[in-house]
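Below, each chain spelled out in residue letters.
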Amino acid sequence: MEKGVRCIVTDNGYVDKKRQTAFAETEVLLLTPKTTLAEANRLLGTDPLYTATQVETWQASRKTAIEPVFDLLSKLLSITGAHKPLPMRGVAYVSSFLGIGILLLQLAMLINVRCGLPTRNVTHIKTVFR
């Protein structure tokens, strides 16, 4: 198998059929909590590229890999509310805002590691940027 991105795990809000098809054409699976094994293999035109165990593992891992980062990021950037809306609109602005936020989060976590502080404590992370 060739190296490279084969699967991007996301939530249902970021994927539509057009986007899934466009990624599938480049042999990248956009996997959502609702994506079934049959759908994954149909999108990529292979039988079977992924196993049910792989799909289930990736979907289960999403909650432990992605959700905590979004939670920390929203607290770090003071984004609140039920749906945690960003303070601006538009793909270019949102992409930049989140990209910088993730970079700052990673930097803060690295600094916390070097200083022996808890990496997932937002209070310590915010202290890094004061």
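Heads up: the structure comes first, above all this text.
What comes next is a walk through the structure. All values derive from a computational prediction rather than experimental measurement.

**Section: the overall build of the protein**
Link 1 in the chain: Of the regular secondary structure elements, the protein holds six helices and two strands.
Link 2 in the chain: In the protein, the succession of helices and strands from N to C terminus is β-α-β-α-α-α-α-α.
Link 3 in the chain: Classification of the 130 residues of the protein by burial places 24% in the buried group.
Link 4 in the chain: Within the protein, contacts between residues separated by at least 24 positions form 34% of all contacts whose residues are at least 6 apart in sequence.
Link 5 in the chain: For the protein, the accessible area works out to roughly 9000 Å², and carbon and sulfur atoms hold 60% of it.

**Some details on a nonpolar patch on the surface**
Link 1 in the chain: There is a patch of nonpolar side chains on the surface, built from Val5, Ile8 and Phe23 and spanning about 230 Å² of accessible area.
Link 2 in the chain: Looking at the secondary structure, you find Ile8 in strand S1 (residues 7-9).

**Quick word on helix H4 (residues 67-76)**
Residues lying three or four places apart along an α-helix face the same way, a consequence of the helix completing one turn every 3.6 residues.
Link 1 in the chain: Listed as buried for H4 are Pro68, Leu72, Leu73, Ser74 and Leu76.
Link 2 in the chain: Ser78, located one to two residues past H4, shows a positive phi value of around 55 degrees.

**Overview of the nonpolar core**
Link 1 in the chain: Grouped together as the largest cluster of nonpolar side chains are seven residues: Leu72, Leu73, Leu76, Leu105, Ala108, Val122 and Ile125.
Link 2 in the chain: When residues of this core are traced back to their parent elements, those giving at least two are H4, helix H5 (91-114) and helix H6 (122-128).
Link 3 in the chain: Among the elements that make up this core, the one with the highest residue count is H4 (three residues).
Link 4 in the chain: Here Val122 is in contact with Leu72, Lys75 and Leu76, once residues within four sequence places are set aside.
Link 5 in the chain: One finds Leu29, Ala40, Leu43 and Val55 within the second-largest nonpolar core, a separate group that totals six residues.

Rules and cut-offs
- Residues numbered from 1 in each chain as written.
- Predicted model: local features only at pLDDT ≥ 70, side-chain atom pairs only at ≥ 80, totals over all residues.
- Heavy atoms only, no water.
- Helix = DSSP H or I, 4+ residues; strand = E, 2+ residues; numbered from the N terminus.
- Buried < 20%, exposed > 50% of the residue type's maximum accessible area, 1.4 Å probe, protein only.
- Contact = heavy atoms within 4.5 Å.
- Areas by Shrake-Rupley, 256 points an atom, 1.4 Å probe, with all protein chains shown as cover.
- Patch = residues over 30% accessible without salt bridge, like charges linked within 9 Å, V, L, I, M, F, W, Y side chains within 5 Å.
- Salt bridge = Lys/Arg side-chain N within 4 Å of Asp/Glu carboxyl O.
- Core = buried A, V, L, I, M, F, W, Y, C linked by side-chain atoms within 4.5 Å.

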